[in-house]
Amino acid sequence: MDLTSYLTRQRELVEATLDRLVPPATKPPARLHAAMRYSLLGGGKRLRPILVLAAAEAVGGAADPALPFACAMECIHTYSLIHDDLPAMDDDDLRRGRATCHKQFDEATAILAGDALLTLAFELAVRPVEGARPGVTLELITLLAQAAGSAGMVGGQMLDLDAEERAVDLVELQNIHIHKTGALIRAACVAGGQLGGGDAEQIRALKRYGEAIGLSFQITDDILDEVGDARVMGKNTGSDRKKSKATYPFLMGLTRAREEAERLTEAALGFLEPFPAGAEPLRALARFILSRTH
Ligand code: GRG
């Protein structure tokens, strides 16, 4: 399959839906809505929503009914980036090739924009899904809350902050990233499978696929921070080294880190073996996550 045109098509679909579902920048409080839209609609790979759509198709479902939930995932991801860039966290001034939200607006507005995107995500997630089995909405909201909250992404961020300025081994690093980055990626795969009407065995396989690509995504992220091109990535690189942060390349070396990401990608592809041809985009996405340059 032609992954580049698939990614472009899906990204445009997600962005058009986000544009429609997020309040216009002219609606009061205009500054807040402008900040939400600035961060949400200003680039990004849209990986998590595309995973939702691809997972729905992998189990034989349609992508369209899964779009609002896919957009909810992107709202949560964007909120995490806004808050992560704040002076109290990573203190970054560049994101997705533009000024970070607090630089473009101000800190208070950026905090509120993140809060409002997190809340909007749940508003989108409760939209009725055509053709979905009864009860699926409640399951998906629980999944989303657990993946985003203290048992998932936010918890992972706390573990990451707690680990600053002290030695971290591979087991601890893995645990941080399973939560901080992996939880949302895994939830995107599981949610897509549920929205597409997948059976229990397929959902289990999607969960394991999501776990494997979640870690390979983070290893690649660490490698790109070390050797990537800041212009292509649209954010500052070398920040992990500057902060003496434990990363996969730091603990394993670049070569072994690359091998580990390749091993995880192979494992992810293995979990998809029983899936029909509709899973081709998910297979291609696993390879894309490994070979991405931004
Ligand atoms: C502050 C609530 C809170 C959570 C922070 C996920 C996270 C937790 C922070 C993001 C910081 C970061 C660089 C994490 C590493 C992996 C990651 C999520 C990278 C960015 O995701 P991409 O590459 O970004 O999918 P785009 O811009 O393409 O959407």
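Everything that follows concerns the structure shown earlier in this document.
Rules used in this analysis
Every chain's residues receive numbers from 1 upward, in the order its sequence appears when written. Owing to the predicted nature of the model, reporting of local features is limited to residues with pLDDT of at least 70; listing and counting of side-chain atom pairs is limited to 80 or more, with chain, interface and lining totals taken over all residues. Side-chain calculation: all heavy atoms of the structure are included, whereas hydrogens and water are not. For helices the rule is a DSSP run of H or I covering at least 4 residues; for strands it is a run of E covering at least 2, with both sets numbered from the N terminus onward. Salt bridge, as used here: a side-chain nitrogen of Lys or Arg that lies within 4 Å of a carboxyl oxygen of Asp or Glu. Note on classification: 1.4 Å probe, protein chains only; a residue is buried when its accessible area is under 20% of the maximum for its type, exposed when over 50%, partly exposed between these limits. An expected span of 1.5 Å times one less than the residue number is assigned to each helix. Note on contacts: a residue pair is in contact if any heavy atoms of the two residues lie within 4.5 Å. Whether a residue is near a molecule or strand depends on its heavy atoms: if one lies within 4 Å, it is near. Throughout this description, a polar contact denotes any pair of N or O atoms lying within 3.5 Å of each other; where both atoms belong to protein, one of them has to be capable of donating a hydrogen while the other can accept it, and for residues adjacent in sequence the pair is counted only when both atoms sit in side chains. Surface exposure here means Shrake-Rupley accessible area, sampled with a 1.4 Å probe, where a residue is shielded only by the protein chains that are shown.

1. What about unusual backbone geometry?
Of all residues except glycine, most have a negative phi; of all peptide bonds, most are trans.
And then number 1: Of note, the amide linkage connecting Pro 28 to Pro 29 takes the cis form, showing an omega dihedral of -5 degrees.
And then number 2: The residue Asp 91 is not glycine, and still its phi comes out positive at about 55 degrees.
And then number 3: Locating Asp 91 in the fold gives a position in the loop between α4 (67-84) and β1 (94-95).
And then number 4: One non-glycine residue, Arg 96, lies in the positive phi region at around 50 degrees.
And then number 5: As for its placement among the helices and strands, Arg 96 is situated in the loop between β1 and β2 (98-99).

2. Quick word on the pattern of salt bridges
And then number 1: The final tally for this structure, using the stated rule, is 14 salt bridges.
And then number 2: We note a salt bridge from Arg 96 to Glu 74, for which the minimum N-O separation is 3.0 Å. Of this pair, Arg 96 sits in the loop between β1 and β2 while Glu 74 sits in helix α4, and the two are 22 residues apart along the sequence.
And then number 3: With a closest N to O distance of 2.9 Å, Arg 133 and Glu 139 form a salt bridge.
And then number 4: When its relative accessible area of 42% is taken as the criterion, Arg 133 is described as partly exposed.
And then number 5: Salt bridges linked by common partners bring Glu 15, Arg 46, Glu 74 and Arg 96 together as one network.

3. A look at helix α14 (residues 254-271)
And then number 1: A rise of 1.5 Å per residue sets the reference length of α14, with its 18 residues, at 26 Å; its end C-alpha atoms lie 26 Å apart and thus fit the reference within 8%.
And then number 2: Those residues of α14 not exposed but buried are Ala 257, Glu 260, Ala 261, Leu 264, Thr 265, Ala 268 and Leu 269.
And then number 3: Buried-residue contacts for α14 involve α10 (200-227), α13 (248-252) and α15 (280-291).

4. Points about the environment of Arg 258
And then number 1: Positionally, Arg 258 belongs in helix α14.
And then number 2: Measuring from C-alpha to C-alpha, the distance between Arg 258 and His 177 comes to 16 Å, with 81 residues separating the pair along the chain.
And then number 3: Look past the residues within four positions of Arg 258 in its chain and what remains in contact with it is Ile 223 and Val 227.

5. So, the site of the ligand
And then number 1: Near the ligand lie 20 residues; those nearest to it are Lys 45, Arg 48, His 77, Asp 84 and Arg 96.
And then number 2: The separation between an oxygen atom of the ligand and a polar side-chain atom of Arg 48 is 2.8 Å.
And then number 3: Side-chain polar atom of Arg 96 to an oxygen atom of the ligand: 2.8 Å apart, as the coordinates give it.
And then number 4: Burial of the ligand by the surrounding chains reaches 92%, relative to a free accessible area of 700 Å².
And then number 5: When contributions to the shell around the ligand are tallied by element, the ones reaching two or more residues are α4, α8 (153-162), α9 (170-195) and α10.
And then number 6: It is α4 that contributes the most residues to the shell around the ligand, six residues altogether.

That is the geometry; function is a separate question.
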